[in-house]
Amino acid sequence: MSAGIDVVVGAGHNGLVAACYLARAGRDVLVLEALDRPGGGSRTEETVPGYRFDLHSAAHNILNMTDIPAELDLAGAGLVYQEMDPFSVAVHADGRRVRFFRSIDATVASIADHDADEAAAYRRFMDKSVPIIRTVLPAIRGEVSPRVLPRQVADVVRTLRHQPLTTVRDAVGPYDALLRRWLASDLTRGPVAAFAAHAGVGPTVSGGALFAYWQAAYHLFGQWHARGGAQSLIDALAARLASLGGQLRCSAPVTRIETLAGRVSAVVLEDGERIAARAVVTAIDPKVALLGLLDPPLGGDAGTDLAAARRSNVVQAVIHVATDSLPRYPGCTPGDWNGLQSYVDHLDDLSAAWNQAEAGLLPDRLPLYAFTASALDASLAPDGHHTVYLACPAAPATVVGGWPARVEELVERSIDTVESRAPGFTDSIKAIAPFTPDDMQQQGRWPGAHPMHLDLSLDQLGPFRPTRRLGGWRTPIGGLYISGAGTNPTGGIAGTPGRQAARALLSDG
């Protein structure tokens, strides 16, 4: 390879986004992926023969708030998104159903079927949440610039005009307290908390309120399923990269990033191959990239800050269930399988589960939710059959006794939870494939089983992600840039870290 090549380490969606933008600008780009196929947390695989399940990423919201799909013409590369509406349904154990639609009015009407006061409270909560989300949206999109500043200022003023100190307190506090103040009961607190927990942030974590406010983002922008599974996003990005002249190599794990005179010079693969590079973008865990692969490792205050960045012991555990029918919820309607189906009845249960998981224990009361993407996308399962993706958002990365000894208990208790709300579910099961945190570490190469790489706490978000010194995608090493879920602005399926890292590289020449 010539010394004029840009190397991207990691072929998750952010790495591929970065590579596409670099190739579109005329750069010679090579993406190196350690696994035998691209995708990272966005892979879709036949974990059960004949049934295709998303390994982790099951719904795309943030990416569809940006113009990245349009700029890269991912539709032209075969990507089709289908909206999940309602985006969530609360399947309470007592038989109550609350449907959260893209329309706030329709959602309020669903809540009012059970409690008019709660419905009014939810509307007030959304009235408060919408301007907050609009305020942070430019940062999530990577659009912080003078052009959008007037709109941001207007949103901030709208957010703070009533009880500004109370608003600030709410914004920097945990979503446990926020939801107790704004929503009347667990009728809505539980399911809103379940979606907030989907981000990997616990109910009592300071600054976690943003993830409950994020409920408004689903109303504003919807929740989306990539037809064919999350892998379709990856396939479209890979196709676009090829059309732009970029290269993708899988089964090519990088073991070292070399520097010379304070500037990146090459990457070295596991088999000893050395690839000279004029620039390198790492789209993997920033700690692995800069403290593990970089030779010598990042030092000084920047290295110390990065070493101190945190990830908790609380992650997701996923169970793929192949069935011959959708869960039969009593009183269900046809749209009830479109989005997330929450089995979180009580906010207290979620808080307790988080504390137990942090201590390495399997929670006494497992929080659980489901996605049944095959209800929208028949390509995922054989005719008349379905995929049921079960996720526990508060599972311990490291569990007492080890996951091989606990996985059977996790599966049995999860199936029992669904059975209690959808009688007959157990009889519909054809096969089960758990994807537990130890699998995520070994198969996905996610340190600590964290697809987000680092906790999404208030001090590790936006320009503080992964640290304040590294929040601009540049590093102290010339020609070395960082991207991925552990970098500015956030984790999840966003694409913004990839595009912004490419923009930083291109602006540096």
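Preceding block: the structure.
How each quantity is defined
Every residue gets a number counted from 1 within its own chain, in the order that chain's sequence is written. Residues qualify for local features only when their pLDDT is at least 70, as the model is predicted, and side-chain atom pairs are given and counted only at 80 or more; totals for whole chains, interfaces and linings, by contrast, use all residues. Each side-chain value is derived from all of the structure's non-hydrogen atoms; neither hydrogens nor water enter the calculation. Per the convention used, a helix needs a DSSP run of H or I reaching at least four residues, while a strand needs a run of E reaching at least two, with both numbered from the N terminus. Exposure classes here rest on a 1.4 Å probe applied to the protein chains alone. A residue is buried below 20% of its type maximum, exposed above 50%, and partly exposed in between. Using a 1.4 Å probe, the Shrake-Rupley method yields the accessible areas, and only the shown protein chains count as cover for residues. Under this rule, positive means Lys or Arg and negative means Asp or Glu; His and the chain ends count for nothing. To locate a charge, take NZ of a lysine, CZ of an arginine, CG of an aspartate or CD of a glutamate. Throughout this description, the term salt bridge denotes a Lys or Arg side-chain nitrogen within 4 Å of a carboxyl oxygen of Asp or Glu. In short, DSSP must find at least two bridges between two strands for them to pair. Convention adopted: a line fitted to C-alpha atoms gives each axis, helices being fitted over their contacting stretch, and angles between N-to-C directions are expressed from 0 to 180 degrees. Working rule for contacts: check all heavy atoms of both residues, and any pair within 4.5 Å makes them a contact. Note on aromatic contacts: the rings of Phe and Tyr and the six-membered ring of Trp form a pair at centre separations within 6.5 Å, being stacked when their planes are under 30 degrees apart, edge-to-face when over 60 apart, and tilted otherwise. Candidate patch residues must exceed 30% relative accessible area and have no salt bridge, after which like charges are joined if within 9 Å and Val, Leu, Ile, Met, Phe, Trp or Tyr side chains if within 5 Å.

**A closer look at the overall build of the protein**
Next, step 1: Regarding its fold elements, the protein presents 18 helices and 20 strands.
Next, step 2: Along the first, second and third principal axes, the C-alpha atoms of the protein reach 65 × 55 × 45 Å.
Next, step 3: Out of the 509 residues in the protein, the part that is buried amounts to 60%.
Next, step 4: With the model as given, the accessible surface of the protein reaches about 18,200 Å², and the carbon-plus-sulfur share is 53%.
Next, step 5: Counting 45 positive and 53 negative side-chain charges, the protein places the centres of these two groups 7 Å from one another.

**Some points on the pattern of salt bridges**
Next, step 1: According to the stated counting rule, one finds 29 salt bridges in the structure shown.
Next, step 2: The salt bridge partner of Arg102 is Glu83, with a shortest N-O separation of 2.7 Å. Here Arg102, found in the loop between strand E7 (97–100) and helix H3 (104–112), pairs with Glu83, found in strand E5 (residues 81–84); they are 19 residues apart in sequence, far enough to count as distant.
Next, step 3: Looking at Glu83, the relative accessible area reads 27%, which means it is partly exposed.
Next, step 4: When the shortest N-O distance is used, the salt bridge between Arg406 and Glu409 registers 2.9 Å. Placement of both Arg406 and Glu409 in helix H15 (residues 403–421) is noted, with a separation of 3 residues, approximately one turn of the helix.

**Concerning the pairing of strand E4 (residues 51–54)**
Next, step 1: Across 3 bridges, strand E3 (residues 44–48) lies against E4 in antiparallel orientation. Residue pairing across strands places Thr44 opposite Asp54, the latter belonging to E4.
Next, step 2: The hairpin formed by E3 and E4 contains 2 residues between the paired strands, and Gly50 there has a positive phi angle of roughly 90°.

**Here's the deal with the sheet that holds strand E17 (residues 369–371)**
Next, step 1: In spatial order, the strands read E7-E6-E16-E17-E18-E15-E19; together these 7 strands make up an open sheet with mixed pairing. Both outer strands of the open sheet, E7 and strand E19 (429–435), are each paired with one neighbouring strand and no more. Between one strand axis and the next, the sheet turns by 20° as a mean value, whatever way the strands run.
Next, step 2: The pairing of strand E16 (residues 340–342) with E17 spans 2 bridges and is antiparallel. For Gln341, the partnering residue across the bridge sits in E17 and is Ala370.
Next, step 3: In this fold helix H17 (residues 437–444) packs onto strand E15 (314–323), strand E18 (386–396) and E19, with an angle of close to 95° to the strand it touches most, E15.

**Quick notes on the environment of Ser88**
Next, step 1: As for its position among the elements, Ser88 is in strand E6 (residues 88–91).
Next, step 2: Here Ser88 falls in the buried class, since its relative accessible area comes to 2%.
Next, step 3: Along the primary structure Ser88 and Val192 are separated by 104 residues, whereas in three dimensions their C-alpha atoms are 9.1 Å apart.
Next, step 4: The contact partners of Ser88, leaving out residues within four places of it in the chain, are Val98, Arg99, Phe100, Phe195 and Leu340.

**Examining the packing of aromatic side chains**
Next, step 1: Summed over the entire model, instances satisfying the criterion amount to 12 aromatic pairs.
Next, step 2: Measuring from ring centre to ring centre gives 6.0 Å for Phe87 and Phe195, while their planes differ by 55°; the resulting arrangement is tilted. In this pair, Phe87 sits in the loop between E5 and E6 while Phe195 sits in helix H8 (residues 186–197), placing the two residues 108 residues apart along the sequence.
Next, step 3: Assessed through its relative accessible area of 3%, Phe195 is described here as buried.

**Concerning the environment of Thr372**
Next, step 1: For Thr372, the location among the structural elements is in the loop between E17 and E18.
Next, step 2: Judged by relative accessible area, Thr372 falls into the buried class, the value being 1%.
Next, step 3: The spatial distance from the C-alpha of Thr372 to the C-alpha of Phe53 is 9.8 Å, given a sequence separation of 319 residues.

**Concerning helix H12 (residues 286–293)**
Next, step 1: Listed as buried for H12 are Pro286, Lys287, Ala289, Leu290 and Leu293.
Next, step 2: Looking at the buried side of H12, the elements it contacts are strand E10 (254–260), strand E13 (279–282), strand E14 (294–295), helix H13 (300–308) and strand E20 (480–482).

**Comments concerning the environment of Arg123**
Next, step 1: Assignment of secondary structure puts Arg123 in helix H4 (residues 116–141).
Next, step 2: Expressed as a C-alpha distance, the spacing of Arg123 and Pro174, which sit 51 residues apart in the sequence, is 20 Å.
Next, step 3: Beyond its immediate stretch of four places on either side in the chain, Arg123 contacts Ile104, Asp105 and Val108.

**Things to note about the sheet that holds strand E1 (residues 5–9)**
Backbone hydrogen bonds hold the strands of a sheet together, and the pairing may be parallel or antiparallel.
Next, step 1: Strand order in the open sheet made by the 5 strands is E9-E2-E1-E13-E20, with parallel pairing throughout. Every interior strand has two partners, whereas the edge strands, strand E9 (247–249) and E20, have only one. Taken pair by pair, the neighbouring strands of this sheet meet at an average axis angle of 20°, ignoring direction.
Next, step 2: Sheet topology note: the E1/strand E2 (residues 28–32) ladder contains 5 bridges and is parallel.

**Let's talk about a nonpolar patch on the surface**
Next, step 1: Residues Val168, Val172 and Leu458 make up a contiguous nonpolar surface patch of about 230 Å² in total accessible area.
Next, step 2: As for its placement among the helices and strands, Val172 is situated in helix H6 (residues 164–172).

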